[in-house]
Amino acid sequence: LAERDIADEIDCKRSELVGAQEMMEAKLKRAEAAYKREKDLLDQGSELHRQELDAMETRLLQLRDTASEEAALTASNRRLAEQKEARAARRQEHERTKNAMIEAVTEAV
């Protein structure tokens with residue numbers, strides 16, 4: 001009878017432990033699923049921040065690269081100087097032509 005009671009007690013403990021094990025395994029699966037969801041969200045956020053940082057760094061490099069703007073400015077300044085010289089030459093030519101006409105009119109009168 002004592003052996004039977006011990007066997008029943010062992011079976012009862014075993015059932016409790018199996019139930020606890022199943023409950024712990026279910027809890028572990030839920031925790032793993034929650035961990036995976038959280039990790040995926042963090043990975044997505046991290047990737048988004050990385051992309052934003054890359055875009056900002058690219059934009060900063062573009063802003064720092066002023067060589068093309070400086071070349072365009074130099075070319076514009078050169079064209080402006082050439083146009084001013086051409087205008088000055090035309091004014092001198094017009095002045096000479098005007099003076100020649102005045103002189104011709106004065107001689108004719």
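Here is a short report on the structure shown in this document. Being a predicted model, the structure only gives us computed values, none of them experimental. (Residues numbered from 1 in each chain as written. Predicted model: local features only at pLDDT ≥ 70, side-chain atom pairs only at ≥ 80, totals over all residues. Heavy atoms only, no water.)

Description of the overall build of the protein chain
Link 1 in the chain: A tally of regular secondary structure across the protein chain gives 2 helices and 0 strands.
Link 2 in the chain: In terms of overall dimensions, the protein chain is more spread out than a globule: its C-alpha atoms have a radius of gyration of 47 Å, far above the 13 Å expected for 109 residues.
Link 3 in the chain: Seen along its three principal axes, the alpha-carbon backbone of the protein chain occupies a region of about 160 × 20 × 5 Å.
Link 4 in the chain: Roughly 10300 Å² of accessible area belongs to the protein chain as shown, and the carbon and sulfur atoms make up 58% of that amount.
Link 5 in the chain: Charged side chains in the protein chain number 20 positive and 25 negative. The centres of these two groups are separated by 9 Å. (Helix = DSSP H or I, 4+ residues; strand = E, 2+ residues; numbered from the N terminus. Rg over C-alpha atoms; globule rule 2.2 N^0.38 Å. Areas by Shrake-Rupley, 256 points an atom, 1.4 Å probe, with all protein chains shown as cover. Lys, Arg positive; Asp, Glu negative; His and termini not counted. Charge placed at Lys NZ, Arg CZ, Asp CG, Glu CD.)

Regarding the pattern of salt bridges
Link 1 in the chain: Scanning all chains against the criterion turns up 7 salt bridges.
Link 2 in the chain: Across the pair arginine 78 and glutamate 82 runs a salt bridge, and its minimum N-O distance is 3.6 Å. Of this pair, arginine 78 and glutamate 82 are both found in helix α2 (residues 67-108), 4 residues apart, which corresponds to roughly one turn of the helix.
Link 3 in the chain: Owing to a relative accessible area of 43%, glutamate 82 belongs among the partly exposed residues under this scheme.
Link 4 in the chain: The closest approach of N and O atoms between glutamate 93 and arginine 96, which form a salt bridge, is 2.8 Å. With a gap of 3 residues between them, glutamate 93 and arginine 96 both fall in helix α2, about one helical turn apart.
Link 5 in the chain: Overlapping salt bridges, with partners in common, bring together Glu47, Arg50 and Asp54 in one network. (Salt bridge = Lys/Arg side-chain N within 4 Å of Asp/Glu carboxyl O. Buried < 20%, exposed > 50% of the residue type's maximum accessible area, 1.4 Å probe, protein only.)

Describing the environment of arginine 64
Link 1 in the chain: Of note, arginine 64 is situated in helix α1 (residues 2-64).
Link 2 in the chain: Taking the C-alpha atoms as reference points, arginine 64 and isoleucine 102, 38 residues apart in sequence, are found 58 Å from one another.

Thoughts on a positive patch on the surface
Link 1 in the chain: Together, Lys84, Arg87, Arg90 and Arg91 give the surface a local cluster of positive charge.
Link 2 in the chain: Note on placement: lysine 84 falls in helix α2. (Patch = residues over 30% accessible without salt bridge, like charges linked within 9 Å, V, L, I, M, F, W, Y side chains within 5 Å.)

Details of a negative patch on the surface
Link 1 in the chain: A cluster of like negative charges, contributed by Asp5, Asp8, Glu9 and Asp11, occupies part of the molecular surface.
Link 2 in the chain: What makes aspartate 8 partly exposed here is its relative accessible area of 37%.

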